Amino acid sequence: MTNARLATMRPVPQHVVDHMVAGMVGQTSDVLMMQFGISYNTWRKIRAGDPIRDSVAQRLERRVLGSDARGDRSGLENMAG
């Protein structure tokens, strides 16, 4: 394993989690992937305050706090059930 790259891990800041929860359409795998680009397993880690890959956390923060947070949510309403 000498060539293995170690991913930097960190938790998602609470204010980002709060934004996610406030705008969340649902917590199913499909909705989480469409709305935030994360899996249900990643969402479980985020909710628990566990670390996730830094690259995923950075992308998620841009999506939630940046312009993507106001992006097209069409089709999500039908999936929330």
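Predicted model only: the values in this text are computed from it and were never measured.

Criteria and cut-off values
- Residues numbered from 1 in each chain as written.
- Predicted model: local features only at pLDDT ≥ 70, side-chain atom pairs only at ≥ 80, totals over all residues.
- Heavy atoms only, no water.
- Helix = DSSP H or I, 4+ residues; strand = E, 2+ residues; numbered from the N terminus.
- Buried < 20%, exposed > 50% of the residue type's maximum accessible area, 1.4 Å probe, protein only.
- Contact = heavy atoms within 4.5 Å.
- pLDDT = per-residue confidence, 0-100.
- Axes fitted to C-alpha atoms, helices over the stretch in contact; angles between N-to-C directions.
- Parallel < 35°, antiparallel > 145°, perpendicular 65-115°, else oblique.
- Nonpolar A, V, L, I, M, F, W, Y, C, P; charged D, E, K, R; others polar.
- Salt bridge = Lys/Arg side-chain N within 4 Å of Asp/Glu carboxyl O.

The subject of this paragraph is the environment of Met20. Among the secondary structure elements, Met20 is positioned in helix 1 (residues 14-23). For Met20, a relative accessible area of 0% puts it in the buried group. Between the C-alpha atom of Met20 and that of Val64, which follows or precedes it by 44 residues, the distance is 6.6 Å. Once residues within four sequence positions are removed from consideration, Met20 is found in contact with Phe36, Ile38, Trp43, Leu60 and Val64.

Confidence in the prediction for the chain averages 84 pLDDT; 75% of positions are at 70 or higher. Mean pLDDT across the secondary structure elements of the chain bottoms out at helix 5 (residues 76-79), with 50, and peaks at strand 2 (residues 52-53), with 98. Confidence drops under a pLDDT of 50 for residues 69-75, and excluding neighbours within four residues, the segment shows five contacts in the predicted structure.

Moving on, we get to the packing of helix 2 (residues 29-36) against helix 4 (residues 54-65). Running from N to C, helix 2 and helix 4 cross one another at 80°; their axes reach a closest spacing of 10 Å. Considering their axes alone, helix 2 and helix 4 lie roughly perpendicular with respect to each other. Between helix 2, through Met34, Gln35 and Phe36, and helix 4, the contact on the second element is made entirely by Arg59, Leu60, Arg63 and Val64. Here the residues of the contact of helix 2 with helix 4 sort into four nonpolar, one polar and two charged.

Counted by the stated rule, this structure contains two salt bridges. Here Arg10 makes a salt bridge to Asp54, at a shortest N to O gap of 2.5 Å. Highlighted residues: Arg10 in strand 1 (residues 9-10) and Asp54 in helix 4, separated in sequence by 44 residues. We classify Arg10 as partly exposed; its relative accessible area is 22%. When salt bridges that share partners are traced, they join Arg10, Asp54 and Glu61 into one network.

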